2 protein chains.
Amino acid sequence: MPEADLTIHVCTVCRRVREDLAEGYDQPGLGLATALGERLAGKAGISVEAVECLAVCKRPCTVAFAANGKWTYLVGDLDAETHLDDIVGAAESYAASANGIIPWKERPTPFRKGVVARVPPLSLREQGLREPDLRKKGSTS
Amino acid sequence: MPEADLTIHVCTVCRRVREDLAEGYDQPGLGLATALGERLAGKAGISVEAVECLAVCKRPCTVAFAANGKWTYLVGDLDAETHLDDIVGAAESYAASANGIIPWKERPTPFRKGVVARVPPLSLREQGLREPDLRKKGSTS
């Protein structure tokens, strides 16, 4: 069974100040999750998941890029409208990468400036995988 | 093969201002990684790993709690000396939890105030696991 190359978690709860709205805020992650889902629909190995709270709160929109065996990256300060192409481009680079580290020259500006944190992948032992499972995955048969 | 209950990634590179030192800074994560490793040695299912850069940089010490199938938590502003017991206590709560979310009443103050971000676990499909593997793990035989 093929593993996913990238899951994009999109935080949908953090609020952006909007003085033009009666509520005084909106939640731009909701629209971003929908827009990314549409743009990346049909891309094998990439999925988009809305999540209630990545605990970054003050830097909407925030997304996390994650995949089994790769570094996880949290990126904030993303604009749901103007950064959509950048997020899609970064997603394709991350999905194509072996370890989740997007080469600097391929990194869109919001992904150079907006990194909130990153976490290394768990080791194979910590994933509960045995060596034979991995060899099978790498087999050419 | 049992899976790990918790891996603590300890960032060892971020600098703390120390005007009393000739260099003007130290890197307290180095000592924290060593101290945690000693305190948690022999605790089944918990491992401590030094990591060069969790990209939080301005909030040393920073650690990430992670385990397969659980939420990942990044926590900063940790003092390598005064918060050691709190980190050990939080580690035991996290390791004992089913999903990585430490109940609020069990959360030491630095883990209430210092959360930098969190990321949900990957789904089983995204981990590349098949249902039979999981049933086997849950078997009582």
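Residues numbered from 1 in each chain as written. Chains lettered and ligands numbered in written order. Predicted model: local features only at pLDDT ≥ 70, side-chain atom pairs only at ≥ 80, totals over all residues. Heavy atoms only, no water.

(A) Looking closely at the overall build of chain A. Each helix and strand counted, chain A has 4 helices and 7 strands in total. Starting at the N terminus and ending at the C terminus, chain A contains elements arranged as β-β-β-α-β-β-β-α-α-β-α. Per-residue burial for chain A yields a buried fraction of 49% across its 141 residues. Look at the contacts in chain A between residues 6 or more apart in sequence, and 65% of them connect residues 24 or more apart. In the structure as shown, chain A presents an accessible area of about 7200 Å², 51% of it carried by carbon and sulfur atoms. (Helix = DSSP H or I, 4+ residues; strand = E, 2+ residues; numbered from the N terminus. Buried < 20%, exposed > 50% of the residue type's maximum accessible area, 1.4 Å probe, protein only. Contact = heavy atoms within 4.5 Å. Areas by Shrake-Rupley, 256 points an atom, 1.4 Å probe, with all protein chains shown as cover.)

(B) Structural detail: the pattern of salt bridges. All told, the structure shown has 12 salt bridges over all chains when counted by the stated rule. For B:Arg18, the salt bridge identified is with B:Asp20, shortest N-O distance 2.8 Å. Here B:Arg18 ties to B:Asp26 by a salt bridge, and the two come within 2.9 Å at their closest N and O atoms. Classification of B:Arg18 by relative accessible area gives partly exposed; the value is 25%. Through salt bridges with shared partners, one network takes in A:Arg16, A:Arg18, A:Asp20 and A:Asp26. (Salt bridge = Lys/Arg side-chain N within 4 Å of Asp/Glu carboxyl O.)

(C) Structural detail: the sheet that holds strand β4 (residues 46-51) of chain B. Residue and element names in this part refer to chain B. With mixed pairing, the 5 strands of this open sheet are ordered in space as β4-β1-β5-β6-β7. Strand pairing shows two members of the sheet lacking a second neighbour, β4 and β7 (115-119), which therefore form its edges. The mean angle between the axes of side-by-side strands here comes to 15 degrees, regardless of whether they run parallel or antiparallel. When strand β6 (residues 72-75) meets β7, the two strands line up antiparallel, connected through 4 bridges. Residue pairing in the sheet places Leu74 in a bridge with Ala117 of β7. Packing of helix α1 (residues 28-39) onto the sheet brings it into contact with β1 (6-11), β4 and β5 (63-66), and relative to β1 it is tilted by some 155 degrees. Those strands touched by helix α2 (residues 84-96) are β1, β4, β5 and β6, and its axis lies near 20 degrees from that of β5. (Pairing = 2+ DSSP bridges. Axes fitted to C-alpha atoms, helices over the stretch in contact; angles between N-to-C directions.)

(D) Spatial organisation of the confidence of the model for chain A. In this model, chain A carries an average pLDDT of 87, and 85% of its residues clear a pLDDT of 70 or more. Every residue in residues 130-141 of chain A scores below 50 in pLDDT, and together they form 5 contacts with partners more than four places removed in sequence or on other chains. (pLDDT = per-residue confidence, 0-100.)

(E) Fine view of α1(B). With 12 residues, α1(B) ought to run about 16 Å at 1.5 Å a step, and its terminal C-alpha atoms sit 16 Å apart, in line with that. Those residues of α1(B) that are buried are in contact with β1, β2 (16-17), β3 (25-26), β4, β5 and α2 of chain B. (Expected span 1.5 Å × (residues − 1).)

(F) Representation of the nonpolar core. A:Ile8, A:Leu32, A:Leu36, A:Phe65, A:Leu74 and B:Leu74 are the most contacted members of the largest nonpolar core, which has 51 residues in total. No other element matches the 7 residues that helix α2 (residues 84-96) of chain A contributes to this core. Not counting the four nearest positions on each side in its chain, A:Ile8 is found in contact with A:Leu36, A:Leu40, A:Ile46, A:Ser47, A:Val48, A:Glu49, A:Val63, A:Ala64, A:Phe65 and A:Ala91. If you look at the next biggest cluster of nonpolar residues, it comprises 25 residues, including B:Leu32, B:Ala35, B:Val63 and B:Leu78. (Core = buried A, V, L, I, M, F, W, Y, C linked by side-chain atoms within 4.5 Å.)

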